[in-house]
Amino acid sequence: ETAIRYSGVSKVYPNGTTAVDHLDLEIPTGSLTVFVGPSGCGKTTSLRMLNRMVEPTSGTVEINGRNVADVPAAQLRRSMGYVMQQSGLMPHRTVEDNIATVPRLNGVSKSKARANARELLGSVGLDESLATRYPAQLSGGQQQRVGVARALAADPPILLMDEPFSAVDPVVRQDLQRELLDLQKRLHRTIVFVTHDIDEAITLGNRVAVFARGGKLAQYATPEELLRA
Ligand code: ADP
Ligand code: ADP
């Protein structure tokens, strides 16, 4: 089953930069697919076309068979979790209230949203006692874990992750990678994960899409196939 399909997708920014050049790609439901390649080869642009943060210049992007251009951008964004390099947590809200924000917008009661937030803390390897802290009182690695918990809070079928672990130190990074793999085994979400680190791509990916300069897809393979090549 295909969750995401790019068909002949290109993106040329108004300044003339071709960020993505005729991308054709099918991403299976429930897979962790990694977009890897050097800086500037169109990974983030490709990711952002999934939730319409970026609109393609040509071609179509489909999610579960539906052209994303036909879905209101706000609805798309609510239906996908998004984790970035900077956790993007709101500094004046506690950890639990950061995680509870989207469920609250979706009408979940405060007590239920907070209870769920505490449960999510456990699933990203954090102690519940951190729930009432503010982001600045956490380490960088802890903040990224909260970012992942927040992205999961709305129970999204698709999770977008853009270099989520690249700002933390290498040891913490390995922990975060291991936890993401554990999480994926339990949750079976469709995850699209961007990194410039080929080792990270091979560690995490069920599928790896290798991007090359000029925004072209060079290869789309399993980690095993990439290691054999
Ligand atoms: P990556 O994620 O692989 O680093 P990006 O998708 O961020 O690549 O960028 C691809 C290319 O598009 C780069 O040359 C980048 O400078 C350019 N680019 C990205 N965003 C914009 C923008 N808003 N306007 C103009 N050029 C952009
Ligand atoms: P990322 O870490 O996601 O690659 P960047 O730091 O490259 O982000 O870019 C930050 C913002 O600037 C993004 O919104 C991106 O679209 C935009 N941007 C990146 N490259 C360019 C560019 N060459 N011209 C204009 N905007 C750009």
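For the structure itself, consult the block above.
Scoring rules and cut-offs
Residues numbered from 1 in each chain as written. Chains lettered and ligands numbered in written order. Predicted model: local features only at pLDDT ≥ 70, side-chain atom pairs only at ≥ 80, totals over all residues. Heavy atoms only, no water. Core = buried A, V, L, I, M, F, W, Y, C linked by side-chain atoms within 4.5 Å. Buried < 20%, exposed > 50% of the residue type's maximum accessible area, 1.4 Å probe, protein only. Contact = heavy atoms within 4.5 Å. Salt bridge = Lys/Arg side-chain N within 4 Å of Asp/Glu carboxyl O. Helix = DSSP H or I, 4+ residues; strand = E, 2+ residues; numbered from the N terminus. Pairing = 2+ DSSP bridges. Near = heavy atom within 4 Å. Polar contact = N/O pair within 3.5 Å; in protein donor to acceptor, adjacent residues only side chain to side chain. Areas by Shrake-Rupley, 256 points an atom, 1.4 Å probe, with all protein chains shown as cover. Nonpolar A, V, L, I, M, F, W, Y, C, P; charged D, E, K, R; others polar.

Q: With reference to specific residues and values, describe the nonpolar core.
A: Counting 36 residues, the largest nonpolar core has I99, V146, M161, L180 and F193 as its most contacted members. The contacts of F193, once residues within four sequence positions are left out, are L32, T33, V34, F35, M161, P164, F165, L180, E200 and L204. Counting 28 residues, the second largest nonpolar core, distinct from the first, contains C41, L50, Y82 and V192.

Q: Break down the pattern of salt bridges for me, citing the residues and quoting the values.
A: Oppositely charged side chains can form a pair if their charged atoms are brought close together. Enumeration according to the criterion identifies twelve salt bridges in this entry. Among the ionic pairs, R173 bridges to D197, the shortest N-O distance being 3.6 Å. With R173 in helix α6 (residues 170–187) and D197 in the loop between β8 (190–195) and α7 (198–204), this residue pair connects regions lying 24 residues apart in the sequence. For the pair R173 and D197, a shared accessibility class is recorded, and that class is buried. Close ionic contact of R173 with E200 constitutes a salt bridge, the shortest N to O distance being 3.3 Å. Separated by 27 residues along the polypeptide, R173 in helix α6 and E200 in helix α7 bring together distant segments of the chain. The pair formed by R173 and E200 is uniform in burial state, with each residue classed as buried. One continuous salt-bridge network, built from bridges that share partners, spans E96, D97, R114 and R118.

Q: Could you give an account of the sheet that holds strand β5 (residues 66–67), with specific residues and numbers?
A: Pairing within the open sheet is antiparallel, and its four strands lie in the order β2-β1-β4-β5. One side of each edge strand has no neighbouring strand; the edge strands of this open sheet are β2 (18–28) and β5. Two strands pair when backbone bridges link them, and strand β1 (residues 2–12) and β2 are joined in this way by seven bridges, in the antiparallel orientation. Within the sheet, the bridge partner assigned to V12 lies in β2 and is T18.

Q: How would you sum up the site of ligand 2? Please name residues and give values.
A: Taken together, T44, R48 and D162 form the complete shell of residues around ligand 2. Between ligand 2 and the protein, one listed contact pairs an oxygen atom with a side-chain N or O atom of R48 at 3.3 Å.

Q: Can you break down the site of ligand 1 residue by residue, with the values?
A: Around ligand 1, the neighbouring residues are Y13, N15, T17, A19, P38, S39, G40, C41, G42, K43, T44 and T45. At a separation of 3.0 Å, an oxygen atom of ligand 1 approaches a polar backbone atom of C41. A distance of 2.5 Å separates an oxygen atom of ligand 1 from a polar side-chain atom of T45. Look at ligand 1: alone it shows 560 Å² of surface, and the protein chains cover 62% of it. Looking at the shell around ligand 1 residue by residue, the classes come out as four nonpolar, seven polar and one charged.

Treat this as a map of the structure, not an account of what it does.
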